[in-house]
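# Secondary and tertiary structure notes
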Amino acid sequence: MTDSITITDNRTGESLEIPLHNGGVDAAEWRKLLPGIWFHDPGLATTSGAESAITELDGDNGILRYRGYPIEQLAEHSSFLEVTYLLLKGELPTKAELDGFVHDVTYHTFVHEKFRRRMYDAYHYDAHPMGLLMSGVSGLSTFYPDSKDIGDADKRMENAIRLIAKMPTLAASAFRHRRGQPFVYPDNELGYAPNFLKMMFEIGSPYEVDPAFEKAMEILLILHADHEQNCSTTAARVVGSSHTDPYTAIGAACGALYGPRHGGANEAVLQMLDDIGTYDNVEPFIEGVKAGKERLMGFGHRVYKNYDPRARIIKQAAYDVFAVTGTNPLLDIALKLEEVALEDEYFVSRRLYPNVDFYSGLIYESMGFPRDMFTVLFAIGRTPGWLAHWDEMLAQNSRIARPRQLYIGASERPYVPIGER
Ligand code: CMC
């Protein structure tokens, strides 16, 4: 068997053999044999833009693995910073390597005071924290001009660690700004998740981190850490491919994540549950979705055509948090929605299942996070994934992202002076 496909150009009757590369059509060869014939692929649904060794996602079978390790095992046994190390460096760390890595992250958590205060102060009290986070991340590039040296692998890693360390600080700062509360500085005695929770919620008296919250936070961060070539990772890669610095590339990724079809979906899920309001409204709501009036938020995925494995883990973590906080009253509506949708022909035939966002918002809300912080939490978790892909792309010396188009506009026509139009 030859690893190639043969296609016939019906305009000429010519038969062309195109080699396959790692199971994909070799576009370089295609371009040579069929110059000017582009793939028309809006949404890039059938286009591979990368050769990546980071995350394996088998959407038909509901499988997600980081560097070969099943997400279920990582969520149960690992920590967010260990997973971060794995994503960035390719292997699980030894104890000494992990200790060194945790130390490095811990000692980069502070953000330049002038920048943090003055930039955030420029925003209204009710500014969405994703807007602040995005500006904060992009703005860091001006403080670390050497991050532009993207050809230096050590510099790339140094700046990746820096950004991962500062994400919770920027995020908590955005939250406190919104609340009008004094900022709480990072505590280097605490781990990544407890430090973040403290910066978020300590006010007046010392904040004791509930172990169930810490565990849930670690799991949620791990589950969000990477998801191969999703919209925001693609944004980071596209911007990074122009050889800009990592802060600017990850700022772009934050922008992509913000939208309700991507990381903004967890916020939209709770709004939807609120709008449904009661158990009895679930079935009429589903009828409205089927009639195309709205979407069932937290359902469906471009790649998963099976239960999102992250949703299953999150559902369990939700019960562990509810054991401490009491059940979120919206949980019953969510469970009923899931039950109805999973048995309905509309959802079954389109293979629409709950995704990571369906239950995550319920946990966040029970832990005390306001809804507009949900996407920010997603961004903190996804930062290692964005950076791992950015680093991998640069290490491969890849080309600048520059797709083609099928022009459908007017053909040449003479300019008409304004008085004659
Ligand atoms: N509710 C109702 N119908 C849906 C939904 C939904 N949530 N998702 C897809 N469909 C239907 C869609 O109308 C279409 O039907 P038809 O073939 O009759 O036109 C069919 O399913 C295929 O949908 P699509 O829009 O072509 O699918 P896509 O791969 O372009 O979109 C998606 C994927 C995630 C944007 C979409 O499923 C969606 O909008 N879901 C709701 C938002 C959401 O939960 N997003 C979070 C995704 S997971 C976290 C992340 O990666 O950010």
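Below or above, wherever it landed, is the structure these notes cover.

## Observations regarding the overall build of the protein chain
Secondary structure assignment for the protein chain yields 18 helices and 6 strands. Judged by the C-alpha coordinates and their principal axes, the protein chain covers about 80 × 65 × 55 Å. The burial tally for the protein chain puts 48% of its 421 residues in the buried class. Long-range contacts, defined as pairs at least 24 residues apart, comprise 71% of the intrachain contacts of the protein chain with a sequence gap of at least 6. On the protein chain, roughly 20800 Å² of surface is accessible, and the fraction owed to carbon and sulfur atoms is 52%. Averaging the locations of the 41 positively and 58 negatively charged side chains of the protein chain gives two centres separated by 6 Å.

## Some words on the packing of aromatic side chains
Taken as a whole, this structure holds 19 aromatic pairs when the rule is applied. Ring geometry for Tyr307 versus Tyr353: centroids 6.5 Å apart, planes at 55°, classification tilted. A residue pair is termed long-range when its members are at least 10 positions apart, and Tyr307 in the loop between α13 (282-290) and α14 (309-325) and Tyr353 in the loop between α16 (345-349) and α17 (357-367) qualify at 46 residues. In textbook terms, an aromatic cluster arises when at least three aromatic residues are bridged by ring pairs, as seen for Phe175, Phe196, Phe201, Tyr207, Tyr364, Phe369 and Phe374.

## Examining the sheet that holds strand β1 (residues 4-9)
Strand order in the open sheet formed by 3 strands is β1-β2-β3, with antiparallel pairing between adjacent strands. The sheet terminates laterally at β1 and β3 (24-25), the two strands that pair on one side only. For strand β2 (residues 14-21) and β3, the ladder comprises 2 bridges, and the chain directions are antiparallel. By the bridge assignment, Leu20 is partnered in β3 with Val25.

## Quick word on the site of the ligand
Taken together, 20 residues sit near the ligand, with His262, Arg295, Leu296, Gly298 and Arg302 positioned nearest. In this structure, Tyr346 approaches the ligand through a side-chain N or O atom, which is 3.0 Å from a nitrogen atom. In isolation the ligand has 940 Å² of accessible area, and contact with the protein removes 73% of it.

## So, the packing of α14 against helix α15 (residues 331-343)
Here α14 crosses α15 at 160°, and the two axes come no closer than 13 Å. Judged by the inter-axis angle, α14 sits roughly antiparallel to α15. Considering how the two elements wind past one another, α14 and α15 form a crossing that is left-handed. Of α15, the residues touching α14 (which contributes Lys315, Tyr319 and Phe322) are Leu331, Leu335 and Glu338. Per-class residue counts for the contact of α14 with α15 are 4 nonpolar, no polar and 2 charged.

## A few points about a nonpolar patch on the surface
A grouping of Ile5, Val25 and Phe39 is seen on the molecular surface, where their side chains present a nonpolar patch of about 250 Å² in accessible area. As for its position among the elements, Ile5 is in strand β1. On the accessibility criterion, Ile5 (30% relative accessible area) is partly exposed.

## A few points about α15
When the terminal C-alpha atoms of α15 are compared, their 19 Å separation across 13 residues agrees well with the 18 Å that a helix rising 1.5 Å per residue should span. Looking only at α15, the buried set comprises Leu331, Ile333, Ala334, Lys336, Leu337, Glu338, Val340 and Ala341.

## Some points on the pattern of salt bridges
Summed over all chains, the structure comprises 20 salt bridges. Measuring nitrogen to oxygen at the nearest pair gives 3.4 Å for the salt bridge that ties Arg162 to Glu158. Here Glu158 and Arg162 lie together in helix α7 (residues 153-179), a separation of 4 residues that amounts to about one turn. A relative accessible area of 10% means that Arg162 is categorised as buried. Classification of Glu158 by relative accessible area gives partly exposed; the value is 30%. With a closest N to O distance of 2.6 Å, Asp274 and Arg371 form a salt bridge. On the criterion of sequence distance, the pair formed by Asp274 in helix α12 (residues 265-276) and Arg371 in the loop between α17 and α18 (374-395) is long-range, its members being 97 residues apart. Note on Asp274: relative accessible area 37%, which makes it partly exposed. Residues joined by salt bridges that share partners form a network here, namely Glu113, Arg116 and Arg117.

## Comments concerning the pairing of strand β4 (residues 55-58)
With burial as the criterion, only one face of β4 is covered, namely that bearing Thr55 and Leu57; the residues Glu56 and Asp58 on the opposite face remain uncovered. Where β4 hands over to strand β5 (residues 63-66), the hairpin turn is made up of 4 residues, of which Gly62 adopts a positive phi near 65°.

## What about empty space enclosed by the protein?
The tally for this structure, following the rule as stated, stands at 1 cavity of 30 Å³ or more. Empty space within the largest cavity amounts to approximately 40 Å³. Every residue along the wall of the largest cavity is listed here: Gly300, His301, Tyr304, Asn306, Asp308, Arg351, Tyr353, Pro354 and Asn355. Residues that form the lining of the largest cavity fall into these classes: 3 nonpolar, 4 polar and 2 charged.

## Thoughts on the pairing of β5
Every second residue of β5 is oriented toward a common face, the buried set being Leu64 and Tyr66 and the non-buried set Ile63 and Arg65. In this sheet, β5 lies alongside β4 in antiparallel orientation, the contact comprising 4 bridges. Within β5, the residue paired with Thr55 across the bridge is Tyr66. Judged from the 2 bridges that link them, β5 and strand β6 (residues 69-70) form a sheet pairing that is antiparallel. Of the residues in β6, the one forming a bridge with Tyr66 is Tyr69.

Cut-offs applied
Residues numbered from 1 in each chain as written. Predicted model: local features only at pLDDT ≥ 70, side-chain atom pairs only at ≥ 80, totals over all residues. Heavy atoms only, no water. Helix = DSSP H or I, 4+ residues; strand = E, 2+ residues; numbered from the N terminus. Buried < 20%, exposed > 50% of the residue type's maximum accessible area, 1.4 Å probe, protein only. Contact = heavy atoms within 4.5 Å. Areas by Shrake-Rupley, 256 points an atom, 1.4 Å probe, with all protein chains shown as cover. Lys, Arg positive; Asp, Glu negative; His and termini not counted. Charge placed at Lys NZ, Arg CZ, Asp CG, Glu CD. Phe/Tyr/Trp six-rings, centres within 6.5 Å; stacked < 30°, edge-to-face > 60°. Pairing = 2+ DSSP bridges. Near = heavy atom within 4 Å. Polar contact = N/O pair within 3.5 Å; in protein donor to acceptor, adjacent residues only side chain to side chain. Axes fitted to C-alpha atoms, helices over the stretch in contact; angles between N-to-C directions. Parallel < 35°, antiparallel > 145°, perpendicular 65-115°, else oblique. Left-handed = near helix turned anticlockwise from the far one by under 90°. Nonpolar A, V, L, I, M, F, W, Y, C, P; charged D, E, K, R; others polar. Patch = residues over 30% accessible without salt bridge, like charges linked within 9 Å, V, L, I, M, F, W, Y side chains within 5 Å. Salt bridge = Lys/Arg side-chain N within 4 Å of Asp/Glu carboxyl O. Expected span 1.5 Å × (residues − 1). 1 Å grid on protein atoms, 1.4 Å probe; cavity = no way out; pocket = protein on both sides within 12 Å on 5 of 7 lines; lining within 4 Å. Points joined across faces, edges and corners; volume = space filled by probe spheres on them.

These figures capture arrangement, not role.
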